[in-house]
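What the coordinates show
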Amino acid sequence: MEHKPLPPTPPTEPNNPSSSMTTHNPPTNGGPTPESPQKHIWVITGPAGCGKTSVAEHLHQTFSLPYLEGDTYHTPDNVSKMAAGHPLTDTDRWDWLITLRTACLSTLKTSPGVILTCSALKRKYRDVLRIASYGHPDVKVHFVFLKASEVVLMERVRGRKDHYMKDYMVKSQVESLESPGSDETDVLLVDAGGEAEVVKGLAEGLVKKVMDRSA
Ligand SMILES: Nc1ncnc2c1ncn2[C@@H]1O[C@H](COP(=O)(O)OP(=O)(O)OP(=O)(O)O)[C@@H](O)[C@H]1O
Ligand SMILES: O=C(O)[C@H](O)[C@@H](O)[C@H](O)[C@H](O)CO
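Heads up: these notes are all about the structure in this document. (Residues numbered from 1 in each chain as written. Chains lettered and ligands numbered in written order. Predicted model: local features only at pLDDT ≥ 70, side-chain atom pairs only at ≥ 80, totals over all residues. Heavy atoms only, no water.)

**Notes on the site of ligand 2**
As a matter of local geometry, ligand 2 sits amid Ala-48, Asp-71, His-74, Met-82, Arg-93, Trp-96, Ser-119, Arg-160, His-163, Tyr-164, Met-165 and Gln-173. Separating an oxygen atom of ligand 2 from a side-chain N or O atom of Arg-93 is a distance of 2.8 Å. Expressed as a share of its isolated accessible area of 330 Å², the protein-covered part of ligand 2 is 98%. Of the residues contributing to the shell around ligand 2, the split by class is five nonpolar, four polar and three charged. (Near = heavy atom within 4 Å. Polar contact = N/O pair within 3.5 Å; in protein donor to acceptor, adjacent residues only side chain to side chain. Areas by Shrake-Rupley, 256 points an atom, 1.4 Å probe, with all protein chains shown as cover. Nonpolar A, V, L, I, M, F, W, Y, C, P; charged D, E, K, R; others polar.)

Now the structure itself:
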C-alpha cells in the first residue's frame, strides 16, 4: 500500500473551444520570448536494457548538450533494493523523479537543452517530469521512448556485467511499463530492437527534426 499523494497531472488543452480562444495570461506566460528562448528537456526512456545510456551518450556528443544519468540519482536504498531483486514502488520512485526534474531545470539555467536518462515507465512518472514546464513556459519536455521486446531487454541486461540490475528484474520492468499512449504527443517512439548504431541514428534523426521545427 502506497500512501504518498500523487501530484496533479499537468493541465491539458481546455475542451471548451471558446475558452481555448480566450487567454488571460500575459504573453510572457504563453511560451518562449526573445528574452527567454525555447529550452528543451530530452528524456530518454524505457525499461532496463533498452539502451537509454547508449542513446543519451550519443545525443550528448552529437548535440553538445549536457547529459544527466538518471540512475546516478537513485538513493543508495533504492539501488540496494533493486540489487536485492526487489522492484521499486511508486513511493520509491517519487522523490527520485522530482530530483531529476529539479536537476534538469537547474541545468537549463546555463544551457538551451539537457538530456536525461530515466526509465519513466508509467504515465504518472512522465507527468511528474512534464511539470517542469509549469511556471517555465520557455521549457519543453520531450520523451524518446526506446521500444524493445522483453527478449531483447533480457539479452542486453544479461550481457552487461557488474551492474546492480540483474536480468531477472527485466520482467518487473516490463510489467510496470505503461507504453506511451497516442495522446502523449511529446513522445518520440524509437524502435530500439536493432543494432546500437541504427538505434542511435533513429533517435538522433527524430530529435533533430523536433529541434529544427522549434528553431
Ligand atoms: N541497440 C543495441 N544493441 C545491442 N546492445 C545494446 C544496444 N543498446 C545498448 N546495448 C547494450 O545493452 C546494454 C544495456 O544498454 P544501456 O546501458 O544503454 O541500457 P539502459 O536502458 O541505459 O539500461 P539501464 O536502465 O539498465 O541502465 C549495454 O551493455 C549496452 O552496451
Ligand atoms: O524505475 C526503475 O525501476 C529504475 O530506474 C530502473 O529502471 C533502473 O534504475 C535501471 O534500469 C538501471 O538498470
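And the narrative resumes.
**A short note on helix H5 (residues 123-130)**
Where burial is concerned, most of H5 is hidden: six out of the eight residues are buried. All of the buried residues along H5 are Tyr-125, Arg-126, Asp-127, Val-128, Leu-129 and Arg-130. In the core, the buried residues of H5 are packed alongside strand E1 (39-45), helix H4 (90-107), strand E3 (113-117), strand E4 (139-147) and strand E5 (187-191). (Buried < 20%, exposed > 50% of the residue type's maximum accessible area, 1.4 Å probe, protein only. Helix = DSSP H or I, 4+ residues; strand = E, 2+ residues; numbered from the N terminus. Contact = heavy atoms within 4.5 Å.)

**Here's the deal with the site of ligand 1**
What surrounds ligand 1 is a group of 16 residues, the closest being Lys-52, Thr-53, Ser-54, Arg-160 and Gly-194. Backbone polar atom of Gly-51 to an oxygen atom of ligand 1: 3.0 Å apart, as the coordinates give it. At 3.2 Å, a backbone N or O of Ala-196 approaches a nitrogen atom of ligand 1. Surface burial for ligand 1 is 75%, taken as the share of its 630 Å² of free accessible area covered by protein chains. Secondary structure elements with two or more residues in the shell around ligand 1: helix H2 (52-63) and helix H8 (196-213). Looking at the shell around ligand 1 element by element, the count peaks at three residues for H2.

**What about the sheet that holds strand E2 (residues 67-69)?**
In spatial order, the strands read E2-E3-E1-E4-E5; together these five strands make up an open sheet with parallel pairing. In the strand order of this sheet, the two ends are held by E2 and E5, each with one partner. Neighbouring strand axes in the sheet, compared pairwise and without regard to direction, differ in orientation by 20° on average. Helix-sheet contacts for H4 involve E1, E2, E3 and E4, and the interaxial angle to E3 is about 155°. Contacts between H5 and the sheet are confined to E1, E3, E4 and E5, with E4 contributing the most and set at about 150° to the helix. (Pairing = 2+ DSSP bridges. Axes fitted to C-alpha atoms, helices over the stretch in contact; angles between N-to-C directions.)

**Some points on the pattern of salt bridges**
Inspection of every chain in the model, using the stated rule, returns 14 salt bridges. The residue Arg-123 makes a salt bridge to Asp-127 at a minimum N-O spacing of 3.6 Å. Remark: Asp-127 and Arg-123 occur in helix H5; sequence separation between them is four residues, near one turn of the helix. Residue Asp-127 is classed as buried on the basis of its relative accessible area of 7%. A single network of salt bridges, built from pairs that share partners, joins Arg-123, Arg-126, Asp-127, Arg-130, Asp-183, Glu-184 and Asp-186. (Salt bridge = Lys/Arg side-chain N within 4 Å of Asp/Glu carboxyl O.)

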